[in-house]
Structure formats: C-alpha cells, structure tokens
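The lines below spell out each chain.
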Amino acid sequence: MNALIQVNNLRFAYGDAPVLEDISLDVNAGEIIALVGADGAGKSTLLQLLVGQLKPDEGELRVLGLNPTNPDLRSDLAYMPQGFGLYLDLSVQENLAFFADLHGMDREHSATKIRDLLARTGLNGFEDRRAGQLSGGMMQKLALACALVTEPKVMFLDEPTTGVDPVSRRAFWRLLEAVRNDGVAILYATANMDEAERCDRVTMLDQGQVIRQDTPLALVAETEGQLVSVQGKGVRGYRDALREFPGVAFVFPVGPRLNVWLHSGIRLETFREQLASNFSGLEVQPLTPTLHDAAVRQLASSEEAGRGS
Amino acid sequence: MNAVRLSLIRLWALLGKEFRQMLRDPRMRFFIIVPPLVQLVIFGYAATFDVRVADVAVVDEANIAASRELIDAVAATGHFRLTHVGDMDAAEHLLERSDVRAILRFPWDFDGTGQLQLIGDGSDSNSAQLVMGQLSATLRDHLLQNRQPPLELITRAWFNQNLEDRYYFVPGIMANVVLIATMILVAMTVVREREHGTLERLMVTPLAKLEFIVGKLIPVALIGLFDVILITLVAVYLFDVPFRGSFMALVAGTMLYLMSTLGMGLLISSYASTQQQAMLTAFFFLMPMVILSGFAFPIRNMPEWIQYVTYLDPLRYYLVVVRDLFLKGGGLASHPFQFGMMGLLGSSALGLSLFRLR
C-alpha cells in the first residue's frame, strides 16, 4: 500500500537561507509519525509545505497521491497550526459547526458527529462557552475536535500540546491513538521526546536536515554507548571536569544528578573505578536510556560533527 | 451545479461566522453605529461657517450722520456686537487681545464718500474672512440702497436658499463616514484572521480564496449601506436637510463607491500583518483622500498637478453624487462620469487586492 504522505528529496529555502535540505519521509494509514527537533529546525515549514501553503524548491511532495497545492485535497486533510487556529469569540459549538459547514457536511451528519466528538473530548456541557474562555487543555481538545469533525484521512499537527498540562496531554493522546486506529495518517511535530516516544516512527530534524529516522525503540537501541547516572554531594559542580574525563561522550544534568553518555567500548566497571580514583563520594548507576536521552546524545554528536567539519 | 452549491454553502458558513463575530464584539457594534452619528451631530450643529455673533471694535473719528447711519445698519443685522472706542490705539489693543475679530474705522475726513477702513484678525484667517466678508456686504448693501436713484443687488443661492452649512456638510459627512468605516473594517477583519492564526487554518479547508474574500466583503458592504441609510434618515428627519434625488441612485452610487473603499481596505490587509499596522496604514490614506476630495477645499483652487491627482480619489466623485442627490435631485442617469469613474477605480482597487491576496 502506498503511503498517504510522501516526501522525497525535498529542498526549501527562504531566499538564500536554506530551511529544509534533502528531506524524505512517508506516513502510512494508521501511523503517527513524530517530527522532532528544536525550535527553528524546520518542523513548521515542512508542515506548511505539506498543506500547500508553501511551494518546495526541489523534490516531490504527495498527500493522498496529490500535489499538496491541489484544492481537491483540502476536504480530506486537517491541519492544526500552532496556537490552534480557533475563533476565540465563537462558542465551542459554533467553532465545530463552522468547520463542518466549510467542508460542506450534511447538517444532520455533522450534528451527530459533533455530539460524538463533544462526548469523546469531554467538552459536552461546554457547548456554549466561548473558545477564548476555555483552559489550555480544553482549547487543545476543541482544536482536535475541529480537525476531526470533518473526518480527515490525513492530519498535520504542529506542536499541539505546547502549554498544556500533563493530565490534559495524556487525555489528548488517548484521543489521538483512537484516531490512529481508525486508519488516519498523522504527522505530529513536537519538541517533546516523551510524546515522540508514543509515535510509530520518529523523524529527527536538526537545522533543516533529517539526522535520524526510525522507530523510537530502534533509535534508543541504535544509540552508541552506555548511559549512566552519577550522583553524590555537589556532583553538579563536577560537570566540566566530567566532560573532559576519559571515556565520556556527553554530560547533561537531570535534577540533582548528572547523566553521562559513555563512549561505546567503555565498560561501566572501568569508568566506575577511574571515577573513584579521581573524585570521592560519587556513585555510578547504569540507566536505561529513553528517547529523550538518545536524542540528546544524537544532537550532541551532530553538533560535534558540525564543529569538526 | 454541485460545485456551485457547495461553494454557496461555504460562503454562507463564512458569512454567518462574520456576522456573529461582528455583532458579538461590543467594540464593533459601537464602531458601526456611534461614530457616524457623533460626526453627523458635530458637523450638523457645531461645524458651521455662518457668522452668528462677532465682536467688532468701532472707531468713529468722523462722527457725522453718514457714519452713524452706517454703524446703525451694521448693528441692525444682529450678527455683530459693537464696541465703541475712542481711538485706534484702543481698538488695536482689543484686536491684539482677541477681544474683537475686526476693527471698523471711519477716518476723520470721511464725509459719506471716500475711504473706510476694515481691519481683520489675520491670525485666524478663516473667521477673519467670514467676518470681513459679511461686514463689507452689509456696508455695500446699505450704500447701494442710499444712492440716488437707489440700486438694489438681489442675490439668490440656488438649491440651498439660506446657504445653510449643514446642507453642505451632512452629505459630505456621509461620504467620509462610509469611507472610514468600511475601509478600516475590511482591513481589520482580514488582518485579525492573520494575527490570530485562523487564516492559516482556514486556508487548509475547502474554502477557496475568492470565497473567503467575498465572504469578508459582503458583511462590510452591508454595514456601509446601513450607515448610508442611517445618516440619510437622520439628516432628513433630524436636520431637515432635503433629499431631492432618487433613493435608488443613492444605493447604486454607494455600491460603486464601496467597491473602492472595500478594495482599498483589502489592499491594506494584504500588506499589514497586525491590526495596528492596518489601522495606521488606513489613516495614512484617509487624510489625503479627504483633503483632495473637495469636501473642505475647492478642487479648482488647488495647483493644477494636484487637481489631476484628485481624479484618483473616489471620495471626490461620491461627494458630488451625494450632494447633488440631496440638494439638486437627479436619478440613476444623472452622473454618468462620476458613476463611471467610481466603477473604474473600484474595479482597479478590487482587482489589485485580489492579485495581491492570491
């Protein structure tokens, strides 16, 4: 089966400033693909290209087999821009009905659909509340409902959980996973690794280039070296010293500890002994890396590569 | 067929949304109704060039029957409050302190003929001209009547017999209010969508660009028409300004005029990314448009090259149409040049903005 979203060798620049270089990815029906990267990595630009608001300089884009600028496409896709794109002076019900009407949906059908979505998002009882008076989490659910009301086949979400509390974020993900199970292809831009971890595959962007692309598990597994945590009194003061320590690839603080990526081939025991002979009172524990840890390591080494070249 | 139906459904959805937003916003409700009425009342009552009562210092050095007769004639008009002073020094002092607007002096050698002196306060040239004009007209009339045989100059102002300033101002206010309200509203409603990020979202729905633009223009055009009708009713029933032309011609002229004001509003929205920018840009265009329209300053008095520039000002044409419809009468066919020019400017402005927003 063909992927619903296809990007092949995409290149895009604003004037002389390259924004995206040689991007390729695809999203199949029933998949959520995470697009992760720091601010300015090019995530939003890629989404805007895919919804037809920008035109690529080179490369091929296909959404449902069509060029993204094709207006026929718009009835089948949903786009949730940063800041949700809701009408704050309209009520919950009016926002939903407006988007349903724009898609030319039959009134009876859309009324059923809206009722169903209000129930699923927990927004029932708030139908007449203005969108501007909702909490961040509810606003985000309304934005998702506005995207879903038109029964899209493809969804583009641009950092939808920014500024939303963790409980609402979990509720949002439960909804999204149900949508995925309905066979919708979802491209999900985010800066949060814990969200990317819930996606089927992850595309890591850095300065407009794809640096890694795989399932979250594979990305973690493929990361070279061993992650350990170093703790002890005043350990954070040793950050610079540890950075220069033999066998250490990368050091980053997590709470009161320092997490340390060791180069591959460095044995935990060796590191522990060497550390003990140089610093006193430090304890070393092996850690199971998360996607976040892997990404930190990845970004650090691509930065090093950038400096080296 | 089905495509047209769907397009109308989308347009209808957008129109419903626009009206809801407009009527829900208290600032918007205020903007549609209050400023037109406030401006109308201010111009109808307060802004008048008619001289009601002006203070004038009189220096009668001659003090003969002829001079006293003239002074009485001036006093009899009721438009002047006279202050008699003994000499020019005292009169000049009053003028310097702005206690009087003008000095009327009969020199010691005045004997019913010869020279009279009239001195006005040029620091306020507008009112000086008015006061001096009215004073000299009174004096001239009186002198003409006393000639042997008497000579009477009979003047009449057509269409506005008493030269009521509000007859002149009220139609002009209408043209200005419609311009300001519609141009700013269109620019604001489009830019607000951009500012709030909803435009980005809308452009990824089946709503076509053209449907979006039409959906934005129709509500504002209706508001423009509403303001025109509101002002006409207030002008006729509250200010007793006559409306002698055809109402259909007023509606048709307004529609043509709206093409320009809406087109300019759209054009501004294609350049502005915030509502504040849109507002400032709108005012940048509004001032010259009003000044070059002939509303306050006659176009024929302008330097020739500026007169050519005024041909680009839609307000110039609408002003003539509205004023004539109120005071002279006329119908759909009475202003082919003005209607044609408004149509031309309107289609250019709309065309250009469509091209920009494409």
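Residues numbered from 1 in each chain as written. Chains lettered and ligands numbered in written order. Predicted model: local features only at pLDDT ≥ 70, side-chain atom pairs only at ≥ 80, totals over all residues. Heavy atoms only, no water.

**A few points about the interface of chain B and chain A**
- At the junction of the two partners, chain B supplies 21 residues and chain A supplies 25 residues.
- Surface buried jointly by chain B and chain A totals about 2,200 Å² across both partners, of which 60% is contributed by carbon and sulfur atoms.
- Among the residues of chain B in contact with chain A, B:Arg24, B:Arg201 and B:Val204 are the three that bury the most area, contributing 33% of the side total.
- For the interface between chain B and chain A, the tally reads 2 salt bridges.
- A:Glu94 serves as the salt-bridge partner of B:Arg24, at 2.7 Å between the closest nitrogen and oxygen.
- Counting across the interface, chain B meets chain A through 12 residue pairs in polar contact (both at pLDDT 80 or more).
- Contributions of two or more residues to the side of chain B that touches chain A are made by α1 (2–24), α6 (165–195) and α7 (198–202) of chain B.
- At 9 residues, the largest contribution of residues to the side of chain B that touches chain A is made by α1(B).
- Residue classes in the side of chain B that touches chain A are distributed as 9 nonpolar, 4 polar and 8 charged. (Contact = heavy atoms within 4.5 Å. Buried area = accessible area lost by both parts, 1.4 Å probe. Salt bridge = Lys/Arg side-chain N within 4 Å of Asp/Glu carboxyl O. Polar contact = N/O pair within 3.5 Å; in protein donor to acceptor, adjacent residues only side chain to side chain. Helix = DSSP H or I, 4+ residues; strand = E, 2+ residues; numbered from the N terminus. Nonpolar A, V, L, I, M, F, W, Y, C, P; charged D, E, K, R; others polar.)

**Description of the UniProt feature "domain: ABC transporter" (unreviewed entry) in chain A**
- Mapped onto this numbering, the UniProt entry annotates "domain: ABC transporter" (unreviewed entry) at residues 5–232 of chain A.
- The distance from the first to the last C-alpha atom of residues 5–232 of chain A is 49 Å, and the span holds 32% helix and 29% strand. (UniProt positions renumbered as here; feature names shortened; annotations may be inferred.)

**Some words on the UniProt feature "transmembrane region" (unreviewed entry) in chain B**
- Per the UniProt annotation, the sites labelled "transmembrane region" (unreviewed entry) are residues 30–48, 168–191, 212–239, 245–268, 280–299 and 337–355 of chain B.
- With 100% helix and 0% strand, residues 168–191 of chain B has end C-alpha atoms that lie 35 Å from one another.

**Focus: the packing of aromatic side chains**
- A full pass over the atoms with the stated rule returns 13 aromatic pairs over all chains.
- On the basis of an interplanar angle of 80 degrees and a centroid distance of 5.1 Å, the ring pair of A:Phe12 and A:Tyr14 is categorised as edge-to-face.
- Take A:Phe12: its relative accessible area is 5%, and that puts it in the buried class.
- Here the guanidinium or amino end of B:Arg356 rests over the ring plane of B:Tyr271, the centre of that ring lying 3.8 Å away. (Phe/Tyr/Trp six-rings, centres within 6.5 Å; stacked < 30°, edge-to-face > 60°. Buried < 20%, exposed > 50% of the residue type's maximum accessible area, 1.4 Å probe, protein only. Lys NZ or Arg CZ within 6 Å of the ring centre and 35° of its normal.)

**Regarding a negative patch on the surface**
- A surface patch of negative charge is lined by B:Asp87, B:Asp89, B:Glu92 and B:Glu96.
- Locating B:Asp89 in the fold gives a position in helix α4 (residues 88–96). (Patch = residues over 30% accessible without salt bridge, like charges linked within 9 Å, V, L, I, M, F, W, Y side chains within 5 Å. Areas by Shrake-Rupley, 256 points an atom, 1.4 Å probe, with all protein chains shown as cover. Lys, Arg positive; Asp, Glu negative; His and termini not counted. Charge placed at Lys NZ, Arg CZ, Asp CG, Glu CD.)

**Focus: the domain arrangement of chain A**
- In terms of domains, chain A is made up of domain 1 (5–220) and domain 2 (224–288).
- Relative placement of domain 1 of chain A and domain 2 of chain A: their C-alpha centres are 39 Å apart. (Domains from an automatic or database assignment.)

**Side note on the pairing of strand β10 (residues 226–231) of chain A**
All names here are of chain A.
- The pairing of β10 with strand β12 (residues 257–262) spans 5 bridges and is classified as antiparallel. For Ser229, the partnering residue across the bridge sits in β12 and is Asn259.
- Bridging between β10 and strand β13 (residues 283–286) involves 4 bridges; their strand directions are antiparallel. Residue pairing across strands places Gln231 opposite Glu283, the latter belonging to β13. (Pairing = 2+ DSSP bridges.)

**What about the pattern of salt bridges?**
Residues and elements named next belong to chain A.
- Throughout the structure, instances matching the rule amount to 27 salt bridges over all chains.
- Its salt-bridge partner being Arg180, residue Asp200 comes within 2.9 Å of it at the nearest N-O pair. Taken together, the positions of Asp200 in the loop between α6 (193–196) and β8 (201–206) and Arg180 in helix α5 (residues 166–181) put the pair 20 residues apart, joining distant regions of the chain.
- A relative accessible area of 13% places Arg180 in the buried class.
- The partner of Asp240 in a salt bridge is Arg243, and the shortest N-O contact between them spans 3.3 Å. With Asp240 and Arg243 both in helix α8 (residues 239–243), this residue pair falls 3 residues apart, about one helical turn.
- What emerges from the salt-bridge pattern is a single network uniting Glu177, Arg180, Arg198 and Asp200.

**As for the sheet that holds strand β5 (residues 77–80) of chain A**
All names here are of chain A.
- As summarised here, the arrangement of the 6 strands in space is β5-β6-β7-β3-β8-β9, forming an open sheet in which the pairing is mixed. Where the open sheet ends on each side, the last strands, each with one partner, are β5 and β9 (209–214). The sheet shows a mean angle of 15 degrees between the axes of neighbouring strands, direction not considered.
- Of the strands in this sheet, β5 and β6 (154–158) touch helix α4 (residues 136–148), which is tilted by about 160 degrees from β5. (Axes fitted to C-alpha atoms, helices over the stretch in contact; angles between N-to-C directions.)

**Considerations on the side chain of A:Thr121**
Residues and elements named next belong to chain A.
- Here Thr121 lies in helix α3 (residues 107–121).
- Thr121 gets classed as buried once you look at its relative accessible area, which sits at 5%.
- Polar side-chain contacts of Thr121 include one of 2.6 Å to the backbone oxygen of Leu117.

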